[in-house]
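# Examination of the molecular architecture
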Amino acid sequence: DAKTTQPPSMDCAEGRAANLPCNHSTISGNEYVYWYRQIHSQGPQYIIHGLKNNETNEMASLIITEDRKSSTLILPHATLRDTAVYYCIVRVEGGRRALTFGSGTRLQVQP
Amino acid sequence: GAVVSQHPSWVICKSGTSVKIECRSLDFQATTMFWYRQFPKQSLMLMATSNEGSKATYEQGVEKDKFLINHASLTLSTLTVTSAHPEDSSFYICSARETGAQETQYFGPGTRLLVL
């Protein structure tokens, strides 16, 4: 799986959009970008994933650059409950191996 | 969405005792489940891959005789920490992969183990 790089921490004001970047410059053509988050003392929660097109669901939007070397997870209206560690993971869809977690970005939503 | 449960959610035990943690996929079948461990302020580290009806595959550095994994059905995997010691105190998280088109990995809520 391709390596990802994320900033260790970010702050965001409640009600504003949170934009979390991820670099994955060595991504292969058949690798997807997955985002999970982990709220304190809970198991990780799946957010969204995509290959090359932008994706949106009820939780977030995923913007992938045209060269696919980076992506941004967007939480359109961050709430205090969005405070968590966000993990960007690159892997082949349907891969049999377990997800590998890096350090992630600790997002603190401020009131 | 797919739900994975773990039991117990937390456990305190004495050093030398064994602790069993259950991981269940509630509304889907999971041929494969994964067990992770997370120490404070660290990321999740994969311990082993549990396959239904066969032996688990352990990551390098994880003692298979200490961390016994049984995956007896398509909805249940158990992790037994044998002869637990204080250094085994950690947050244990399981996940299950739903077999299908996307095979997204879903995670349980975790089990916090404290060994005294």
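This text follows the structure it describes.
So, here's what we can say about the structure. Predicted, not measured: the structure shown is a model, and the values here were computed from it. (Residues numbered from 1 in each chain as written. Chains lettered and ligands numbered in written order. Predicted model: local features only at pLDDT ≥ 70, side-chain atom pairs only at ≥ 80, totals over all residues. Heavy atoms only, no water.)

### Notes on the overall build of chain B
If you tally the helices and strands in chain B, you get zero helices and eleven strands. Here the C-alpha radius of gyration of chain B, 13 Å, is about what a compact globule of 116 residues would show, namely 13 Å. For chain B, the spread of C-alpha atoms along the principal axes amounts to about 45 × 25 × 20 Å. When each of the 116 residues of chain B is scored for burial, the buried share is 49%. Taking as baseline every contact in chain B between residues at least 6 positions apart, the subset at least 24 positions apart corresponds to 54%. Split by element, the accessible area of chain B, about 5800 Å² in all, is 53% carbon and sulfur. The averaged location of the 10 negative side-chain charges in chain B is 7 Å from the averaged location of its 10 positive side-chain charges. (Helix = DSSP H or I, 4+ residues; strand = E, 2+ residues; numbered from the N terminus. Rg over C-alpha atoms; globule rule 2.2 N^0.38 Å. Buried < 20%, exposed > 50% of the residue type's maximum accessible area, 1.4 Å probe, protein only. Contact = heavy atoms within 4.5 Å. Areas by Shrake-Rupley, 256 points an atom, 1.4 Å probe, with all protein chains shown as cover. Lys, Arg positive; Asp, Glu negative; His and termini not counted. Charge placed at Lys NZ, Arg CZ, Asp CG, Glu CD.)

### Let's talk about the sheet that holds strand β4 (residues 45-50) of chain A
The pairing of strands in a sheet comes from backbone hydrogen bonds and takes either a parallel or an antiparallel form. All names here are of chain A. Taken together, the five strands give an open sheet; going across it, the order is β1-β9-β8-β3-β4, and neighbouring strands pair in mixed fashion. Only two strands of the sheet have a single neighbouring strand rather than two, namely β1 (9-13) and β4. Between one strand and the next, the sheet's axes are offset by a mean angle of 25°, whatever the strand orientation. Strand direction decides the pairing type here: strand β3 (residues 31-38) and β4, joined by five bridges, are antiparallel. Following the sheet pairing, R37 is matched in β4 by Q45. (Pairing = 2+ DSSP bridges. Axes fitted to C-alpha atoms, helices over the stretch in contact; angles between N-to-C directions.)

### Concerning the packing of aromatic side chains
Following the criterion strictly, the structure yields nine aromatic pairs over all chains and no others. With centroids separated by 6.2 Å and ring planes inclined at 75°, the aromatic side chains of Y36 of chain A and F101 of chain A adopt a geometry described as edge-to-face. Here Y36 of chain A, found in strand β3, pairs with F101 of chain A, found in the loop between β8 (84-92) and β9 (105-110); they are 65 residues apart in sequence, far enough to count as distant. In terms of burial, Y36 of chain A and F101 of chain A fall into one category: buried. Here the aromatic rings of Y36 of chain A and F107 of chain B are separated by 5.6 Å at their centres, their planes lie at 80°, and the arrangement is edge-to-face. Pair noted here: Y36 of chain A is in strand β3 and F107 of chain B is in strand β10 (residues 105-107), and the two residues belong to different chains. This pair shows no difference in class: Y36 of chain A is buried, exactly as F107 of chain B is. Members of the aromatic cluster, joined through ring pairs, are Y36, Y46, Y87 and F101 of chain A together with Y36 and F107 of chain B. One cation-aromatic arrangement involves K66 of chain B over F67 of chain B; the distance from NZ or CZ to the ring centre is 6.0 Å. (Phe/Tyr/Trp six-rings, centres within 6.5 Å; stacked < 30°, edge-to-face > 60°. Lys NZ or Arg CZ within 6 Å of the ring centre and 35° of its normal.)

### Considering the interface of chain B and chain A
Contacts between the two partners involve 18 residues from chain B, matched on the other side by 20 residues from chain A. On the surface where chain B and chain A come into contact, there are zero salt bridges. The interface formed by chain B and chain A contains seven residue pairs in polar contact (both at pLDDT 80 or more). For the side of chain B that touches chain A, the secondary structure elements donating two or more residues are β4 (32-38), β9 (90-97) and β10 of chain B. Grouping the amino acids of the side of chain B that touches chain A by side-chain chemistry returns nine nonpolar, six polar and three charged. (Salt bridge = Lys/Arg side-chain N within 4 Å of Asp/Glu carboxyl O. Polar contact = N/O pair within 3.5 Å; in protein donor to acceptor, adjacent residues only side chain to side chain. Nonpolar A, V, L, I, M, F, W, Y, C, P; charged D, E, K, R; others polar.)

### Thoughts on the state of the cysteines
Working definition: the covalent bond between the sulfur atoms of two cysteines is a disulfide. Residues and elements named next belong to chain A. Under the counting rule described, the total for this entry stands at two disulfides over all chains. Disulfide partner of C22: C88, at an S-S distance of 2.1 Å. When the S-S torsion is -80°, as for the bridge of C22 with C88, the disulfide is left-handed. Highlighted residues: C22 in strand β2 (residues 18-23) and C88 in strand β8, separated in sequence by 66 residues. (Disulfide = S-S within 2.5 Å.)

### Examining the side chain of T111 of chain B
Residues and elements named next belong to chain B. Along the chain, the position of T111 falls in strand β11 (residues 111-115). Within the local environment of T111, its side chain forms a polar contact with the side chain of Q6, the two groups lying 3.1 Å apart. Within the local environment of T111, its side chain forms a polar contact with the backbone oxygen of P8, the two atoms lying 2.6 Å apart.

### Quick look at unusual backbone geometry
Cis geometry marks the peptide bond from H7 of chain B to P8 of chain B; its omega dihedral reads 0°. Assignment of secondary structure puts P8 of chain B in the loop between β1 (4-7) and β2 (10-13). You will see that S41 of chain A, though not glycine, has its phi angle at about 65°, which is positive. Mapped onto the secondary structure, S41 of chain A falls in the loop between β3 and β4. Of note in this structure, R68 of chain A is not a glycine but carries a positive phi near 65°. Structurally, R68 of chain A is set in the loop between β6 (61-64) and β7 (70-75). Given a relative accessible area of 9%, R68 of chain A falls into the buried group.

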